[in-house]
Amino acid sequence: MKDKKRDIRALSKEQLREFFVAEGDKSFRGTQVYEWLWSKGAHSFEDMTNISKQTRQMLDDNFVINHIKVDHMQRSSDGTIKNAVKLHDGFTVESVLIPTFSRTTACVSSQVGCSLDCKFCATAKLKRMRNLNPDEIYDQVVAIDNESRLYNNMPLSNIVFMGMGEPLMNYKNVLKSIAMITSTEGLGMSPKRITVSTSGVPKMIKKLADDEVKFNLAVSLHAAIDEVRTQIMPFNANFPLKDLADSLAYWYEKTNRRVTYEYLIWEGINDQQKDIDALVDFCKIIPCKVNIIEYNPIDDGEFQQASSSVTDRYQHQLEKNGITVTVRRSRGKDIDAACGQLANKSAE
Ligand code: SAH
């Protein structure tokens, strides 16, 4: 038994309750242990003081509690914090705390590395090693919430799944983590404050709609012309824009909620009038908002941020067509914590 201990937080409350019944105990014991594991954040069975010593020993014989460990924390001059988080099997992922005057946002990872190959993203250079478990995603949020309270005197207000990995390729675990984050047994956060960002996996966007999720959806678009998008996001060859558009129409029909498109603009790639026209057309498919993000250079210098006059042109023409646009400045660049810069450099 000792060599095959299970991760106790992989069990649902119901499964824990059933485990105790099978052990000849009361199902209520399962609820008590569940509360220790989630709302009270116990790191060991020893901590569970209202559980008998004998039961705690039995749990210890059967299970482990795999908490993440913040291995290394960096603070940027703008208040951004980046955590290098060590997982129980030695892998590292990163998560970021982004404070502004009105909110504090946690940016969390969903996979170790990434299986996609976006040419402009540092994480893409790391092979996808494995999916994160629900508790490993949840723990990143708890760690950032604690740091936010400690350094900024305020609790976390928002969460974005924009760290390492493609959340919709770890669908089940991402949804389970959000269920815990929003549950009153976990952090009790409103799903309206959570955004899942995807490179655009049409089948899974439809599944989100079918599952009637209540959180927000963002799509990393970056180009609304197939040839351009395939050049910078090669998986687009398998998930062309037409399929993406269909899945977004389906999403809107089912949820009635608009989507945010993230968009980077590079010199010589998507800085022409035809790129703007294509984006304007794409934005007419369903109600949406466009977030123009600043490009954060990754080492090889292949991509260059387009000039601000191009950004202005994009902004002007989107607005002229009644589309909401925000132009976002990056945070935490000095510690490689900005979008697309997460590549476990801090752990080296
Ligand atoms: N895989 C998901 C989530 C991770 S990427 C997705 O693609 O949405 C989070 C955001 O950062 C995406 O919009 C992504 O396109 C953007 N991004 C990636 N590399 C970047 C870089 N070097 N500079 C700025 N943003 C980048």
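No experiment lies behind these values; they were computed from the predicted model shown.

Conventions we followed
- Residues numbered from 1 in each chain as written.
- Predicted model: local features only at pLDDT ≥ 70, side-chain atom pairs only at ≥ 80, totals over all residues.
- Heavy atoms only, no water.
- Helix = DSSP H or I, 4+ residues; strand = E, 2+ residues; numbered from the N terminus.
- Rg over C-alpha atoms; globule rule 2.2 N^0.38 Å.
- Contact = heavy atoms within 4.5 Å.
- Areas by Shrake-Rupley, 256 points an atom, 1.4 Å probe, with all protein chains shown as cover.
- Lys, Arg positive; Asp, Glu negative; His and termini not counted.
- Charge placed at Lys NZ, Arg CZ, Asp CG, Glu CD.
- Phe/Tyr/Trp six-rings, centres within 6.5 Å; stacked < 30°, edge-to-face > 60°.
- Buried < 20%, exposed > 50% of the residue type's maximum accessible area, 1.4 Å probe, protein only.
- Lys NZ or Arg CZ within 6 Å of the ring centre and 35° of its normal.
- Polar contact = N/O pair within 3.5 Å; in protein donor to acceptor, adjacent residues only side chain to side chain.
- Near = heavy atom within 4 Å.
- 1 Å grid on protein atoms, 1.4 Å probe; cavity = no way out; pocket = protein on both sides within 12 Å on 5 of 7 lines; lining within 4 Å.
- Sits in = over half its atoms within 2 Å of the grid points.
- Nonpolar A, V, L, I, M, F, W, Y, C, P; charged D, E, K, R; others polar.
- UniProt positions renumbered as here; feature names shortened; annotations may be inferred.
- Points joined across faces, edges and corners; volume = space filled by probe spheres on them.

Overview of the overall build of the protein chain
Inference 1: A count of helical and extended segments in the protein chain gives 10 helices and 14 strands.
Inference 2: Here the C-alpha atoms of the protein chain give a radius of gyration of 22 Å, agreeing with the 20 Å that 2.2 N^0.38 yields for 348 residues.
Inference 3: Principal-axis analysis of the C-alpha atoms places the extent of the protein chain at approximately 70 × 45 × 35 Å.
Inference 4: Long-range contacts, defined as pairs at least 24 residues apart, comprise 65% of the intrachain contacts of the protein chain with a sequence gap of at least 6.
Inference 5: Summing over all exposed atoms, the protein chain offers an accessible surface of approximately 16000 Å²; the carbon and sulfur share of this is 49%.
Inference 6: Put simply, the protein chain has 46 plus and 46 minus side-chain charges, and the middle of one group is 4 Å from the middle of the other.

Observations concerning the packing of aromatic side chains
Inference 1: Under the defined criterion, the tally for this structure stands at 12 aromatic pairs.
Inference 2: Seen in terms of ring centroids, W266 and Y295 are 5.9 Å apart; in terms of plane orientation they differ by 75°. Their pairing is edge-to-face. Taken together, the residues W266 in the loop between β12 (259-264) and α9 (273-282) and Y295 in the loop between β13 (288-293) and α10 (308-320) connect sequence positions 29 residues apart. Exposure class is identical for W266 and Y295. Each is buried.
Inference 3: Sitting over the ring of W38, R9 keeps its end group 5.0 Å from the ring centre.
Inference 4: The ring of Y250 carries the charged tip of K206 above its face, separated from the ring centre by 5.8 Å.

Things to note about the side chain of N83
Inference 1: By the element assignment, N83 lies in strand β4 (residues 81-86).
Inference 2: Only 2.9 Å separates the side chain of N83 from the side chain of E147, close enough to count as a polar contact.
Inference 3: Dropping the residues within four chain positions of it, N83 is found in contact with V70, H72, M73, V93, E94, S95, A143, I144 and E147.

Overview of the site of the ligand
Inference 1: Residues in close proximity to the ligand total 20 residues, the closest being F120, S197, S220, H222 and N296.
Inference 2: In this structure, G165 approaches the ligand through a main-chain N or O atom, which is 3.0 Å from a nitrogen atom.
Inference 3: Note that a nitrogen atom of the ligand is positioned 3.1 Å from one of the side-chain N or O atoms of E166.
Inference 4: When the ligand is considered free in solution it has 530 Å² of accessible area, and contact with the protein chains removes 96% of it.
Inference 5: For the ligand, the cavity whose grid points lie within 2 Å of the majority of its atoms is the largest cavity.
Inference 6: For the shell around the ligand, the secondary-structure elements that each account for two or more residues are β10 (194-198) and β12.
Inference 7: Counted by class, the shell around the ligand contains 8 nonpolar, 9 polar and 3 charged residues.

Quick notes on unusual backbone geometry
Backbone phi values are negative for most residues with the exception of glycine, while trans is the configuration of most peptide bonds.
Inference 1: Phi angles above zero are rare outside glycine, and H222 is one such case at about 65°.
Inference 2: With a phi angle near 60°, N256 is a residue other than glycine that sits in the positive phi range.
Inference 3: Note on N256: relative accessible area 58%, which makes it exposed.

Side note on the UniProt feature "binding site: [4Fe-4S] cluster" (unreviewed entry) in the protein chain
Inference 1: Per the UniProt annotation, the sites labelled "binding site: [4Fe-4S] cluster" (unreviewed entry) are C114, C118 and C121. Lining the largest cavity, from the residues just named, are C114, C118 and C121.
Inference 2: One can find C114 in the loop between β7 (111-112) and β8 (130-131).
Inference 3: Ignoring sequence-local partners within four residues, the contact set of C114 consists of T123, L126, K127, R128, G165 and E166.

Some remarks on empty space enclosed by the protein
Inference 1: Here the structure, examined in full by the defined rule, presents 1 cavity of 30 Å³ or more.
Inference 2: Within this model, the largest cavity holds a volume of roughly 480 Å³.
Inference 3: Broken down by secondary-structure element, the contributors of at least two residues to the lining of the largest cavity are β10 and β12.
Inference 4: Considering only residue class, the lining of the largest cavity consists of 15 nonpolar, 10 polar and 4 charged.

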